[in-house]
Amino acid sequence: MIMEDSVHHPPQSETEVYATARTRPTVIVPLEVGKNMSRSLRHQWITHDVKRTTGENARQANIDAGNAVATALRSTLGPSGRDKMLVGANGTVIVTNDGASILDRMAIDDPAARMIARAANAQHETIGDGVTTTVLLIGELLSQAERLVNDGLHPTTILKGYDRATSYALQRSDEYRIDITSKDDERLRAVAKTAVTGRWGPKATDRFSTLTTAAVRAGDRATRTETSAITTKAFPGGERRDSERIDGILVDMDTSSTTIELFDTDSPSTLTDARIALVDAEIDIEQPDTVDRMTISTPEQLDSLHEYESDSTRKIVQTLTDLGVDVLFCQKSIDDAVRTGLAREGVLAVERTRRDEFDALVRATAATAVQSLTDLDRTAIGIVGSIERRSAGSTDLLVVAGLSGDEHTSLLLRGGTKHVAAETERIIESCLAVVRGALRNGGVLPGGGATETALSTDLSKHATTIGGREQLAIEAFASSLERIPRTLIDNAGRDPREVLPRLRQRHIDTPVIGIDSSTGELRDMLEAGILEPTVVKRHCLTTALETTTTILRIDDILRHTDTDSSDATTSDDQRSQRRTRQRTGGYPWAIGH
Ligand code: ADP
Ligand code: MG
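Residues numbered from 1 in each chain as written. Chains lettered and ligands numbered in written order. Predicted model: local features only at pLDDT ≥ 70, side-chain atom pairs only at ≥ 80, totals over all residues. Heavy atoms only, no water.

Q: Before we go on, may I ask you to explain the overall build of the protein chain in this structure?
A: What the protein chain contains, in helices and strands, is 20 helices and 20 strands. Put simply, the protein chain has 593 residues, and 51% of those count as buried. By sequence separation, contacts in the protein chain at least 24 residues apart represent 74% of the contacts at least 6 residues apart. Within the structure as shown, the protein chain displays about 27100 Å² of accessible surface, and the carbon and sulfur contribution to it stands at 47%. (Helix = DSSP H or I, 4+ residues; strand = E, 2+ residues; numbered from the N terminus. Buried < 20%, exposed > 50% of the residue type's maximum accessible area, 1.4 Å probe, protein only. Contact = heavy atoms within 4.5 Å. Areas by Shrake-Rupley, 256 points an atom, 1.4 Å probe, with all protein chains shown as cover.)

This is how it looks when you write it as structure tokens:
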């Protein structure tokens, strides 16, 4: 596999070459691939002043990089984890302890560290949680591998052992799993809470876990489709606690040049039993069919053109008023004159409705979307219970509720600034993902390090049945899992050397004992309601294994170091800084080795 430094997607095939030498990338080539490279390809790399790190040095460099990333995130794990303040070059400040958020904004220069960040990001996108846990596991698996290599084990043996250990751990995790249904309100809220704790204070945590659980249940009742019945929207202005769940579809009026005030300001803010029309095309005044170019030479001709135009406008307005339309949602733009004409008749015209909102309207109301105004007839009109005008910060919104098709639920999230609002949305998305994950994907497992400790104990026992050198790798995997409870203890301000042995002891007969993060003491995690979706824990294990495997198999790093003429006067430092800035939106963080 060849991976190019500046490419952000994972490789699509093992043989794909991402870069030409001209782009001067950092390239990582497993030895077996390097050996099979065609001469001309090798030539391309080598002639371009490649700095080469091979064998043990390459592995060591990558292990160090993996450790650096893990160390950077370690203090943020769990509810007692501390925050990082990320200060952008443009002065924006974000305070967060969300692993995915931090990694996203760090300028990571090292290729192996970047692979970890990419894997973490993929996990965040697909599963929504467990990023820090995965990164810590990777760091630990790499450290343990380093130790084993120093003891004379071959990397291949270590990887075999790790692979076997993961399979066994996954199998065992099934034993500890607790099934959950949408009726288990308390457990579902516990899952949401576990995902949010530590991000906000207890009040906000309570509020948001109730909000998200209710949203997922409403969404679940509603649809066959997974995510589309819930939408989140974050707006700056207002406080986080003003966030709310709204049964209905939120339509953002920012994209429309129509301001709500334009329409009859005296009318109440809510329209009941509103008739709506959905048009999935531009609404403009058509030019006369047969003419493709018009020359106007007399005032009369201009008058007649105006007349033609106002005639067309009138016709459009007439069509809509005849059908008794109260609100017209158009996915594209609406001609100015038509909008004004409609406004005069008291028809609310919303142009450039966002695609997701428009689709939600199609799905959740009885109205049918038409491709052209001429197709609009009685059957295409839908009636909704109410349409309410609201504002969130500087944004005007319409809340379409009382839906007749699939239900829809929206989370209207608020935050003091754009960044806070966006961060709130990110955490809520993750919260929604875990609740959904728990409901649809195999239930929950006890959190607070309980599951990791149980699996570690099981693996240590299992290792003794394997024998040989692989046994050492399985034992190493088992002790890597302890990194999670150890870090939780540490972050709670306690001494792992004192608490960890007691945790192991209790696990002999009670596999649900974990760390209570507020005290750093042992506690029954089921009783404490610290639960995580099985799917998250499984994903942490498989992503950690995959990433560690990729990194450990590399034993050759080829790094282009030459400069071209335009860069000749720029120092390496300046160049790397420039790259860094570009990649991170101005955040001056850097991790390397
Ligand atoms: P990640 O990015 O891995 O999700 P978090 O910072 O969210 O990292 O921490 C998750 C860890 O914290 C999990 O092991 C989870 O079980 C644990 N955890 C969450 N809430 C609590 C709690 N109240 N007490 C103890 N551990 C908790
Ligand atoms: Mg988490």
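Q: Got a minute to help me understand the sheet that holds strand 6 (residues 230–236) in this structure?
A: Note: strands within a sheet are paired through backbone hydrogen bonds, in either parallel or antiparallel orientation. Read across the sheet, 3 strands follow the order 6-15-7 without closing on themselves; strand pairing throughout is mixed. Where the open sheet ends on each side, the last strands, each with one partner, are strand 6 and strand 7 (244–247). Within this sheet the neighbouring strands show an average axis-to-axis angle of 25°, counted without direction. Pairing of strand 7 with strand 15 (residues 409–415), which is carried by 4 bridges, proceeds in the antiparallel orientation. Looking at strand 15, one finds that Glu 244 is bridged to Leu 412. With respect to the sheet, helix 13 (residues 418–440) is in contact with strand 6 and strand 15, its orientation differing from that of strand 6 by roughly 160°. (Pairing = 2+ DSSP bridges. Axes fitted to C-alpha atoms, helices over the stretch in contact; angles between N-to-C directions.)

Q: Can you help me understand the environment of Val 87 in this one?
A: With respect to the helices and strands, the residue Val 87 is situated in strand 4 (residues 84–87). Residue classification places Val 87 among the partly exposed residues on the basis of a relative accessible area of 37%. Residues Val 87 and Arg 105, spaced 18 residues apart in sequence, show a C-alpha to C-alpha distance of 9.6 Å.

Q: Can you help me understand helix 12 (residues 355–364) in this one?
A: One turn of an α-helix holds 3.6 residues; hence residues three or four places apart share an orientation. Of the positions making up helix 12, those classed as buried are Glu 357, Phe 358, Ala 360, Leu 361 and Ala 364. Seen from one end, helix 12 has its buried residues packed into an arc of 160°, which puts them on one side. Residues of helix 12 that are buried make contact with strand 6, strand 8 (249–252), strand 9 (270–279), strand 10 (327–330), strand 12 (369–370) and strand 14 (395–401). (Arc of directions from axis to C-beta.)

Q: Help me understand unusual backbone geometry, please; the structure alone is not making it clear to me.
A: Trans is the prevailing form of peptide bonds, just as negative phi is the prevailing case for residues other than glycine. Positive phi values are uncommon outside glycine, yet Asp 273 reaches one of about 40°. You can call Asp 273 exposed: its relative accessible area is 55%. Positive phi outside glycine occurs at Arg 352, with the angle close to 45°. Along the chain, Arg 352 turns up in the loop between strand 11 (348–350) and helix 12.

Q: Would you explain the site of ligand 1 in this entry?
A: Ligand 1 sits among 19 residues. The nearest are Asp 129, Thr 132, Thr 133, Gly 448 and Glu 532. Between an oxygen atom of ligand 1 and a side-chain N or O atom of Glu 532, the distance comes to 2.7 Å. Contact with the protein chains removes 94% of the 570 Å² of surface that ligand 1 exposes when unbound. Of all the cavities here, the one that holds ligand 1 is the second largest pocket. The element best represented in the shell around ligand 1 is helix 6 (residues 131–150), accounting for 3 residues. Looking at the shell around ligand 1, its residues break down into 6 nonpolar, 10 polar and 3 charged. (Near = heavy atom within 4 Å. Polar contact = N/O pair within 3.5 Å; in protein donor to acceptor, adjacent residues only side chain to side chain. 1 Å grid on protein atoms, 1.4 Å probe; cavity = no way out; pocket = protein on both sides within 12 Å on 5 of 7 lines; lining within 4 Å. Sits in = over half its atoms within 2 Å of the grid points. Nonpolar A, V, L, I, M, F, W, Y, C, P; charged D, E, K, R; others polar.)

Q: Explain the packing of helix 6 against helix 7 (residues 155–176) here, please?
A: Angle between the axes and distance between the axes: these two values describe a pair of packed helices. Where helix 6 meets helix 7, the axes come as close as 10 Å, and the angle between the chain directions of the two elements is 140°. One element, helix 6, and the other, helix 7, form an angle in the oblique class. For the pair helix 6 and helix 7, the crossing hand works out as right-handed. From helix 6, Leu 141, Gln 144, Ala 145, Leu 148 and Val 149 reach across to helix 7, where they touch Pro 155, Ile 158 and Tyr 162. A breakdown of the residues in the contact of helix 6 with helix 7 according to their chemical character gives 7 nonpolar, 1 polar and no charged. (Parallel < 35°, antiparallel > 145°, perpendicular 65-115°, else oblique. Left-handed = near helix turned anticlockwise from the far one by under 90°.)

Q: When you look at the side chain of Glu 482 in this model, what are you seeing that I'm missing?
A: Secondary-structure assignment places Glu 482 in the loop between helix 15 (468–481) and helix 16 (483–491). Engagement of the side chain of Glu 482 in a polar contact is seen with the side chain of Arg 504, the distance being 2.6 Å. Setting aside residues no more than four positions away along its own chain, Glu 482 makes contact with Ser 456, Leu 500 and Arg 504.

Q: What is the right way to read the pattern of salt bridges from this model?
A: As a working rule, side chains carrying opposite charge can pair if their charged atoms are close by. If you walk through the whole model with that rule in mind, you get 31 salt bridges. Between Glu 498 and Arg 494 there is a salt bridge, with its nearest N and O atoms 3.1 Å apart. Overall, Glu 498 belongs to the partly exposed group, its relative accessible area being 36%. Residue class for Arg 494 comes out partly exposed when judged on its relative accessible area of 27%. In the salt-bridge network here, residues are joined through shared partners; they are Asp 174, Arg 177, Asp 179 and Arg 538. (Salt bridge = Lys/Arg side-chain N within 4 Å of Asp/Glu carboxyl O.)

Q: So what exactly am I meant to see when it comes to the layout of surface pockets here?
A: Within this model, the second largest pocket holds a volume of roughly 700 Å³. Together, 41 residues line the second largest pocket, and Gly 78, Pro 79, Thr 194, Thr 197 and Ile 530 are the ones closest to its centre. Elements with a contribution of two residues or more to the lining of the second largest pocket: helix 4 (99–105), helix 6, helix 8 (185–196), helix 13, helix 16, strand 17 (513–516), strand 19 (531–533) and helix 19 (534–553). At 4 residues, the largest contribution of residues to the lining of the second largest pocket is made by helix 8. Of the residues contributing to the lining of the second largest pocket, the split by class is 15 nonpolar, 17 polar and 9 charged. (Points joined across faces, edges and corners; volume = space filled by probe spheres on them.)

Q: Whenever I open this one, the packing of helix 3 (residues 55–74) against helix 5 (residues 111–126) confuses me. Can you help?
A: Remark: helix 3 packs on helix 5, axes separated minimally by 8 Å, with the N-to-C direction vectors making an angle of 45°. Between helix 3 and helix 5, the angle is such that the two are oblique. In this structure, the crossing between helix 3 and helix 5 has a hand that is right-handed. Together, Asn 62, Ala 65, Gly 66 and Val 69 of helix 3 and Ala 112, Ala 113 and Ile 116 of helix 5 make up the contact between the two elements. Broken down by class, the residue content of the contact of helix 3 with helix 5 amounts to 5 nonpolar, 2 polar and no charged.

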